[in-house]
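Coordinates in review
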2 protein chains.
Amino acid sequence: MKKEKIKVGILGFGVVGTGTFKILEKYSDMIRNQIGTDIIVDKVLVRDLTKGRAIHASEKLFTVNAEDILENPDIDIVVELMGGEEPAYSYISRALKNGKHVVTANKELLAKKGDALFEYAKDKNLFLGFEASVCGGIPIIKAIKESLSIDKITKITGIVNGTTNYILTKMSEENLGYDEALIEAQAKGFAEADPTADVEGFDAAYKIAILSNIAFRTNVDINNIKREGITGISEKDIKEVKSTNKIIKLIAKAEIVNGGLEAEVAPIVLPLEHPLASINGVNNGVLINSESVGELMFYGPGAGQMPTGNAVVSDIIDIAKQVAMTCAF
Amino acid sequence: MKKEKIKVGILGFGVVGTGTFKILEKYSDMIRNQIGTDIIVDKVLVRDLTKGRAIHASEKLFTVNAEDILENPDIDIVVELMGGEEPAYSYISRALKNGKHVVTANKELLAKKGDALFEYAKDKNLFLGFEASVCGGIPIIKAIKESLSIDKITKITGIVNGTTNYILTKMSEENLGYDEALIEAQAKGFAEADPTADVEGFDAAYKIAILSNIAFRTNVDINNIKREGITGISEKDIKEVKSTNKIIKLIAKAEIVNGGLEAEVAPIVLPLEHPLASINGVNNGVLINSESVGELMFYGPGAGQMPTGNAVVSDIIDIAKQVAMTCAF
């Protein structure tokens, strides 16, 4: 059975939701050419119908009732971009219960309650895509889940939080103090008004948990990840490290040690020759060590409307190929 | 219909063929767990039955008759690892004609005659996997074909030939002349006795042609790629470049300029801060610029038994998931 149109409902219309919408519109011809089907955004859940939007769309596109998406029999794929644990968890569960495939960028939710959602999706033979949840535009989830699926990953080391990497880069390159660098990051939209989740390493811990779960086929308890942020790093620390031709980076790491998984987030002093040492600003980079391949590195934008939107769309396309096509490929 | 076993025939049993065999044996449990089916190497085409092998296998595994694979109704997937144009082209065509999926690492063949093979595979609804043909262990083909399928790639810049990168690294780090560095590369097995294909840039040209074909959805004529190798680079050139804090790398590049594709292979002087400047030895690295994602870099082993074997196996697994499963996923 070949569907003529695949309909998508988007929960949440912030930066990434808007990017996803824009990409699906802008590249609609490319999508039709590739999968032989249109992908249409049917409904978007927003908080406030009266708010101005950066896109041109019919008023009928927007709703404040999640039911219009979750209980809508026309919608094939639900894209959750609200963030946080609730109501995201309930909404995703309900979408799966109603036979809808799901794509999410929600790292906090997946790190804390991913197991239950993945198991439920598997039981119902539904796809739960999460490429956008880690490292924005870098296709790290697909690389681990598919390209390295028959390799044994031994270690993951990454700069997975753009906000803290931006702050550390500013401190190092412009000799700014932590507070000054943070204010600049906030002014540029790279840090939130309350920066705790980034600067204390929670965000990086969620991401290394998600990567560990797929790379080591385990369920990491987020509370077992040692976590130290960057708030304790002084201008003096940065200066001392620089004088020895090294650099401080906030590193998320997970590794098999004596048969058990050890995961941590901490500021680490790296030699300048280290592959992660030259990853600056809001960029992310991930090194993967494995038995067959050896060492791979992926580097790119860790966030942003269009890079993360592309990650969401790449999951939608993977699902659409399955929904739209017959068994042959 | 779920198959109990998926049978593979391998054409050619050199470095990559042996790696593919080893990975399929070593990780057979992992494969069964993931796809619910065994993948069995049923037959391997070799030139000489009496040659000693680095693996333990029944004598019945090997054959000198390609028919035992190409005309064998039990075999689902044919893996072509012979290299060169013929008989590889005829064998792949025959495998497809007989309804078999194909995986190949043959960059020369794909760069010269890929169009015809891909079209034929598409007509017959068969998979023609080629992850192993470019950059060994780096999953660059999947990244372009899937993760960036709905993005517009504007430029690809890469170090895609490990042999020349090894020679240039040696010349730069140890102040060796070209001839000395080549001899060392040959002694380590990183360069062939006749190194022409690598040092004159043919190998890199094949690879940038393949990447361009999928990234820009075009058919690059290999003769339209400007090509310069590294044989003209002297110790003096290297020294001069070093004294200005730069480095020479053999760069393969493809880019849309005024609506047309321009592709070339040439030694390029890079500033040390360039993301490709620090890719040393036999490693490869590819930078991709695109509209939505911006800039991505992939870095890793460009060749080798196990990394390239992993790339072959990742294609086999993608096919097996389709062959083995029913429509649901």
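Residues numbered from 1 in each chain as written. Chains lettered and ligands numbered in written order. Predicted model: local features only at pLDDT ≥ 70, side-chain atom pairs only at ≥ 80, totals over all residues.

1. So, the overall build of chain A
Along chain A, the regular secondary structure elements total 12 helices and 12 strands. For 329 residues, the compact-globule estimate of 2.2 N^0.38 gives 20 Å, and the C-alpha radius of gyration of chain A, at 20 Å, lies within 12% of that figure. Along the three orthogonal principal directions, the C-alpha set of chain A runs to about 65 × 45 × 35 Å. Per-residue burial for chain A yields a buried fraction of 52% across its 329 residues. Relative to all contacts within chain A whose residues are 6 or more apart in sequence, the contacts with residues 24 or more apart total 72%. (Helix = DSSP H or I, 4+ residues; strand = E, 2+ residues; numbered from the N terminus. Rg over C-alpha atoms; globule rule 2.2 N^0.38 Å. Buried ≥ 20, exposed ≤ 12 C-beta atoms within 10 Å, placed from the backbone. Contact = placed C-beta atoms within 7 Å.)

2. Details of the relation of the copies chain B and chain A
The two copies are related by a screw motion: chain B maps onto chain A through a turn of 180° and a shift of 0.0 Å along the axis, at an RMSD of 0.0 Å. Taken together, the rotation and translation relating the two chain copies correspond to the operation of a two-fold axis. Both copies contact each other with a shared surface, as 100% of the interface residues of chain B are interface residues in chain A too. (Least-squares fit on C-alpha atoms with pLDDT ≥ 70 in both.)

3. Re the interface of chain B and chain A
The interface is formed by 40 residues belonging to chain B together with 40 residues belonging to chain A. Among the secondary structure elements, those contributing two or more residues to the side of chain B that touches chain A are helix H2 (28-35), helix H6 (140-147), strand E12 (294-301) and helix H12 (305-324) of chain B. Grouping the amino acids of the side of chain B that touches chain A by side-chain chemistry returns 23 nonpolar, 13 polar and four charged. Inspection of the sheet shows strand E12 (residues 294-301) of chain A paired to E12(B) by three bridges, in the antiparallel sense. Its bridge partner being in E12(B), Met297(A) is matched across the sheet by Tyr299(B). (Nonpolar A, V, L, I, M, F, W, Y, C, P; charged D, E, K, R; others polar. Pairing = 2+ DSSP bridges.)

4. Thoughts on the packing of helix H5 (residues 107-123) of chain B against helix H10 (residues 202-215) of chain B
Residues and elements named next belong to chain B. Where H5 contacts H10, the two axes come as close as 8 Å, and the packing angle between them is 55°. Looking at the two axes, H5 sits oblique to H10. Helix-helix and strand crossings are classified by hand; for H5 and H10 the assignment is left-handed. Contact residues: H5 offers Lys107, Glu108, Leu110, Ala111 and Gly114, while H10 offers Asp203, Tyr206, Lys207, Ala209, Ile210 and Asn213. Counted by class, the contact of H5 with H10 contains five nonpolar, two polar and four charged residues. (Axes fitted to C-alpha atoms, helices over the stretch in contact; angles between N-to-C directions. Parallel < 35°, antiparallel > 145°, perpendicular 65-115°, else oblique. Left-handed = near helix turned anticlockwise from the far one by under 90°.)

5. Re the domain arrangement of chain A
Residues and elements named next belong to chain A. Annotation of chain A at the domain level lists domain 1 (5-136 + 306-324) and domain 2 (141-301). Measuring from the centre of the C-alpha atoms in domain 1 to the corresponding centre in domain 2 gives 27 Å. With 14 residues of domain 1 at the interface, the matching set in domain 2 holds 15 residues. Within the side of domain 1 that touches domain 2, the residues separate by chemical class into six nonpolar, three polar and five charged. (Domains from an automatic or database assignment.)

6. Concerning the pairing of E12(B)
All names here are of chain B. Across the eight residues that make up E12, a large majority, six, are buried. Strand direction decides the pairing type here: strand E11 (residues 283-290) and E12, joined by eight bridges, are antiparallel. Bridging from a neighbouring strand, Val286 pairs with Phe298 of E12.

7. Things to note about H10(B)
All names here are of chain B. For H10, spanning 14 residues, the distance from its first C-alpha to its last is 20 Å, which sits close to the expected 20 Å at 1.5 Å a residue. Within H10, 13 of the 14 residues are buried, which leaves it mostly tucked inside the rest of the structure. Positive phi appears at Arg217, one or two residues downstream of H10, with a value of about 50°. (Expected span 1.5 Å × (residues − 1).)

8. Some thoughts on the pairing of strand E7 (residues 153-159) of chain B
All names here are of chain B. Counting buried positions over the seven residues of E7 gives five, a clear majority of the element. Two strands pair when backbone bridges link them, and E7 and E11 are joined in this way by six bridges, in the antiparallel orientation. Each residue of the ladder has a partner; that of Ile156, found in E11, is Ile288. Relative to strand E9 (residues 246-257), E7 runs antiparallel, the two sharing four bridges. Within E9, the residue paired with Gly158 across the bridge is Ala252.

9. Side note on the environment of Leu11(B)
Residue and element names in this part refer to chain B. Looking at where Leu11 falls in the secondary structure, it is placed in strand E1 (residues 5-11). Classification of Leu11 as buried rests on a count of 25 C-beta atoms within 10 Å. Once the C-alpha coordinates of Leu11 and Leu45 are considered, the two residues, 34 residues apart in sequence, prove to be 4.8 Å apart. Ignoring anything within four residues of it in the chain, the contact list for Leu11 reads Leu45, Ala66, Ile69, Val78, Val79, Glu80, Leu81, Met82 and Tyr91.

10. Focus: helix H7 (residues 162-174) of chain B
Residues and elements named next belong to chain B. A rise of 1.5 Å per residue sets the reference length of H7, with its 13 residues, at 18 Å; its end C-alpha atoms lie 17 Å apart and thus fit the reference within 8%. Of the residues making up H7, those classed as buried are Gly162, Thr163, Thr164, Asn165, Tyr166, Ile167, Leu168, Thr169, Lys170 and Met171. Close packing links the buried residues of H7 with E7, helix H8 (178-187), helix H9 (196-199), helix H11 (235-243), E9 and E11. Downstream of H7 by a residue or two, Asn175 has a phi angle that is positive, lying close to 55°.

11. Brief notes about the environment of Val257(A)
Residue and element names in this part refer to chain A. Mapped onto the elements of the fold, Val257 is located in strand E9 (residues 246-257). For Val257, a count of 9 C-beta atoms within 10 Å puts it in the exposed group. C-alpha of Val257 to C-alpha of Thr154: the two residues are 103 residues apart in sequence and 8.9 Å apart in space.

12. Side note on the confidence of the model for chain A
Averaged over all residues, the pLDDT of chain A equals 95, while 98% of them reach at least 70. Across the whole predicted complex the pTM is 0.95, and at the interface the ipTM reaches 0.95. (pLDDT = per-residue confidence, 0-100.)

13. Observations concerning the nonpolar core
In this structure, Ile208(A) and Ile208(B) are the most contacted members of the largest nonpolar core, which totals 217 residues. Leaving out residues up to four positions away in the same chain, Ile208(B) has contacts with Ile156(B), Val160(B), Ile225(B), Ala252(B), Ala254(B), Ala263(B) and Val265(B). (Core = buried A, V, L, I, M, F, W, Y, C linked by C-beta atoms within 7 Å.)

14. With respect to the packing of helix H6 (residues 140-147) of chain A against H6(B)
The N-to-C vectors of H6(A) and H6(B) enclose an angle of 120°; their axes lie 11 Å apart at closest approach. Between H6(A) and H6(B), the interaxial angle falls into the category oblique. The handedness of the crossing between H6(A) and H6(B) comes out as right-handed. Two secondary-structure elements touch here, H6(A) through Lys142(A), Glu146(A) and Ser147(A) and H6(B) through Lys142(B), Glu146(B) and Ser147(B). Split into classes, the residues belonging to the contact of H6(A) with H6(B) amount to no nonpolar, two polar and four charged.

15. Remarks on the sheet that holds strand E3 (residues 62-63) of chain B
In a beta sheet, neighbouring strands pair by backbone hydrogen bonds and run either parallel or antiparallel. All names here are of chain B. Pairing is parallel across the open sheet formed by six strands, whose spatial order is E3-E2-E1-E4-E5-E6. Looking along the sheet, the strands with just one partner apiece sit at the ends: E3 and strand E6 (128-129). Judged from the four bridges that link them, E1 and strand E4 (residues 77-80) form a sheet pairing that is parallel. Considered in E4, the bridge of Ile10 is made with Val79. Sitting on the sheet, helix H1 (residues 15-26) is in contact with E1, strand E2 (38-45) and E4, with an inclination near 150° to E2.

16. Section: unusual backbone geometry
All names here are of chain A. A cis geometry characterises the amide bond from Glu86 onward to Pro87, with omega recorded as 10°. The residue Pro87 is located in the loop between strand E4 (77-80) and helix H4 (88-97) in this model. The phi torsion at Asn245 lies on the positive side, around 60°, for a residue other than glycine. Note on placement: Asn245 falls in the loop between helix H11 (235-243) and E9.

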